Amino acid sequence: KAGVTQTPRYLIKTRGQQVTLSCSPISGHRSVSWYQQTPGQGLQFLFEYFSETQRNKGNFPGRFSGRQFSNSRSEMNVSTLELGDSALYLCASSSLGTSGRNEQFFGPGTRLTVL
Amino acid sequence: GNSVTQMEGPVTLSEEAFLTINCTYTATGYPSLFWYVQYPGEGLQLLLKATKADDKGSNKGFEATYRKETTSFHLEKGSVQVSDSAVYFCALSDSGGGADGLTFGKGTHLIIQP
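Residues numbered from 1 in each chain as written. Chains lettered and ligands numbered in written order. Predicted model: local features only at pLDDT ≥ 70, side-chain atom pairs only at ≥ 80, totals over all residues. Heavy atoms only, no water.

Colleague: I'm lost on the side chain of Thr110(A) in this one. Help?
Modeller: Looking at where Thr110(A) falls in the secondary structure, it is placed in strand β11 (residues 110-114). Beyond its immediate chain neighbours, meaning those up to four positions away, Thr110(A) contacts Gln6(A), Thr7(A), Pro8(A), Arg9(A), Leu21(A), Ala87(A), Leu88(A) and Tyr89(A). (Helix = DSSP H or I, 4+ residues; strand = E, 2+ residues; numbered from the N terminus. Contact = heavy atoms within 4.5 Å.)

See below:
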C-alpha cells in the first residue's frame, strides 16, 4: 500500500506570494491532518479534514487554509507569505475521523522557504 | 491546554548503551500517548503507542509505559545502535473524541557513536 505523498517536496517563494501544498493520503484513509514544523516552535497542528469537512483548526492565522476533495486528497494554502512561514509542512492521514487512538501516518513533508 | 515536555538534547551515547528519553505530559482528559521518530530528510514514523494507563508500548527494542500517576511516558531501549540516531518526539492525543490533532514535545535529537 502506497504511503502518504506530498507535493512538491521543496518550494521557494517570496514574501507576499501565496502557496498551495498537496497531500494524498493512504488509500482508504478519510482523515488528513496538517502540521507545521519549525526549529523554534517545533511541531504544531494546523487543521484536520475528514470527509471534506474541517473538523478542527489549530492556533494559526486565517492566512492558512485548507480543503479536502471527495477522493480524500487535501490541499493547504498559505496566502500573503511571511518569512516566518518558512517551515516543513507535514501531512498525516488516518483511517478514522478522530486522531485520538488511531495511528497517523505521516508523509515526507514539503519544505517551504520564504525569501 | 495539553502539553508535552521532553529533554531536547542532543543526547550522545555510545553503541550498546542504555537509552532513556524522558517525557511528561499535561492533559485535561485521558490521552493516548505516542513516540514518533524522524530520520534526516524524512517525515515522522510511529515508533510505539499506549492508549490507557499502565499500557506498555513496544517496537524494535524500544519500550514506554503509560504512567498516569506521574503523567509520564519515558522511552527506553536496552542497547542502542548507530541506526537509532534520529530525532524522537513524544506526543499525545486527547481521547475525548475530538479531532484536536497531536500535541508534540520539542523533540530529542539522539546521536549514537560507534
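Colleague: When you look at the pairing of strand β7 (residues 64-68) of chain A in this model, what are you seeing that I'm missing?
Modeller: When a strand is regular, its side chains alternate between the sheet's two faces. All names here are of chain A. With five bridges connecting them, β7 and strand β8 (residues 74-78) associate as antiparallel partners. Its bridge partner lying in β8, phenylalanine 64 is registered against valine 78. Here β7 hands over to β8 after five residues, with serine 72 in that stretch at a positive phi of 75°. (Pairing = 2+ DSSP bridges.)

Colleague: For this particular structure, what's the right way to read the sheet that holds β8(A)?
Modeller: Pairing between the strands of a sheet comes from backbone hydrogen bonds, and it takes one of two forms, parallel or antiparallel. All names here are of chain A. Ordered by their spatial adjacency, four strands build an open sheet running β1-β3-β8-β7, and the pairing between neighbours is antiparallel. Every interior strand has two partners, whereas the edge strands, β1 (5-7) and β7, have only one. Sheet twist, expressed as the average angle between the axes of neighbouring strands with direction ignored, equals 20°. Alignment of β1 against strand β3 (residues 19-24), held across three bridges, turns out to be antiparallel. Paired with threonine 7 across the bridge in β3 is serine 22. (Axes fitted to C-alpha atoms, helices over the stretch in contact; angles between N-to-C directions.)

Colleague: Even after reading the chapter, I still don't get the pairing of strand β1 (residues 3-6) of chain B, so can you show me in this structure?
Modeller: Residues and elements named next belong to chain B. Here β1 shows a buried face lined by Val4 and Gln6 and an unburied face lined by Ser3 and Thr5. Judged from the four bridges that link them, β1 and strand β4 (residues 23-26) form a sheet pairing that is antiparallel. Bridge pairing in β4 links glutamine 6 to cysteine 23. (Buried < 20%, exposed > 50% of the residue type's maximum accessible area, 1.4 Å probe, protein only.)

Colleague: What should I look at first to understand the packing of aromatic side chains in this one?
Modeller: For any two aromatic rings, the description comes down to two numbers: the centre-to-centre distance and the angle of the planes. One pass over the structure, following the stated rule, counts twelve aromatic pairs over all chains. Plain terms: the ring middles of Phe106(A) and Phe104(B) are 6.3 Å apart, the flat faces sit at 70° to each other, and that makes the pair edge-to-face. Here the residue Phe106(A) occupies a position in strand β10 (residues 105-106), and Phe104(B) occupies one in strand β11 (residues 103-104), the pair thus bridging two chains. By relative accessible area, which is 11% here, Phe106(A) ends up buried. (Phe/Tyr/Trp six-rings, centres within 6.5 Å; stacked < 30°, edge-to-face > 60°.)

Colleague: What exactly am I supposed to notice about the state of the cysteines here?
Modeller: Among covalent bonds in proteins, the disulfide is the one between the sulfur atoms of two cysteines. Considering all chains together, one arrives at two disulfides over all chains under this definition. A sulfur-sulfur distance of 1.7 Å marks the disulfide that ties Cys23(A) to Cys91(A). Between Cys23(A) and Cys91(A) the sulfur-sulfur dihedral comes to about -55°; the bridge is accordingly left-handed. Separated by 68 residues along the polypeptide, Cys23(A) in strand β3 and Cys91(A) in strand β9 (residues 87-94) bring together distant segments of the chain. Here Cys23(A) and Cys91(A) have matching classes, each one buried. For Cys23(B), the disulfide goes to Cys90(B), at an S-S distance of 1.9 Å. Here the disulfide of Cys23(B) and Cys90(B) is left-handed, its torsion about the S-S bond being about -65°. (Disulfide = S-S within 2.5 Å.)

Colleague: Would you mind going over the environment of Leu110(B) with me for this structure?
Modeller: All names here are of chain B. Mapped onto the fold, leucine 110 is located in strand β12 (residues 108-113). When the C-alpha positions of leucine 110 and threonine 26 are compared, they lie 24 Å apart, and in sequence the two are 84 residues distant. The contact partners of leucine 110, leaving out residues within four places of it in the chain, are Val11, Leu13, Leu19, Asp84, Ser85, Ala86 and Tyr88.

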